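Structural overview for review
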Amino acid sequence: MKYTKYDRPDGKIIINIDPDIVYNDIIKNFRNYWSSVSVACIEVQYYENDEQVASLFINVHPDYGIYLNYSRRGEEKLSVFDKNRLNEIVWTKDICDFSIGLFLPPELAWKGIKEFLETGTASTEIEWISPDDIPEGGNC
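Residues numbered from 1 in each chain as written. Predicted model: local features only at pLDDT ≥ 70, side-chain atom pairs only at ≥ 80, totals over all residues. Heavy atoms only, no water.

**Section: the pattern of salt bridges**
This structure, assessed with the given rule, holds seven salt bridges. For Glu 125, the salt bridge goes to Lys 111, with nearest N and O atoms at 3.2 Å. Taken together, the residues Glu 125 in the loop between helix H3 (106–119) and strand E9 (128–129) and Lys 111 in helix H3 connect sequence positions 14 residues apart. What makes Lys 111 partly exposed here is its relative accessible area of 40%. A single salt-bridge network, built from bridges that share partners, covers Glu 48, Arg 72 and Arg 73. (Salt bridge = Lys/Arg side-chain N within 4 Å of Asp/Glu carboxyl O. Helix = DSSP H or I, 4+ residues; strand = E, 2+ residues; numbered from the N terminus. Buried < 20%, exposed > 50% of the residue type's maximum accessible area, 1.4 Å probe, protein only.)

Written out as structure tokens, the structure is:
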């Protein structure tokens, strides 16, 4: 059996959340949603046969968009939008600095979030890089 666990910013966990709800909350109502919560990240876990096989961390900055961190069985990928800005960092509501170049426009990030919710895989419509590709000092 395949299913997702959606860990909301308010601490509630939802099993198999409806993608339309996710879209309305974090994409359609981007600024209102993210200004109303105290953190800037969400975790989604993907399960197969009651074993977690993949996760997607979603981090947000109101001015730069949405950063995705995908991992599956030891492989980690970071969304990238502007490789020329990987050495520039920005602070989110949380405790980390993130490379500005990793943040995607919300509608593009949605393609990755939706595919993950449906399949547990990293979308081919998004460019991904390894954490090793981030310049020193460009990410936490």
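Structure shown, so let's carry the discussion forward.
**A word on helix H1 (residues 19–28)**
If you check which residues of H1 are buried, you get Val 22, Asp 25, Ile 26 and Ile 27. Looking down the long axis of H1, one finds its buried residues gathered within 155 degrees of arc, a one-sided arrangement. Along H1, exposed side chains directed more than 90 degrees from the buried face belong to Asp 20 and Lys 28. With a side-chain oxygen positioned 2.8 Å from the backbone nitrogen of Asp 20, the residue opening H1 is Asp 18. (Arc of directions from axis to C-beta. Polar contact = N/O pair within 3.5 Å; in protein donor to acceptor, adjacent residues only side chain to side chain.)

**As for unusual backbone geometry**
In this structure, Asn 16 is a non-glycine residue whose phi angle is positive, near 50 degrees. Among the structural elements, Asn 16 can be located in the loop between strand E2 (13–15) and H1. Even without glycine at this site, Arg 73 takes up a positive phi of about 45 degrees. With respect to the element layout, Arg 73 can be found in the loop between strand E5 (65–72) and strand E6 (75–79).

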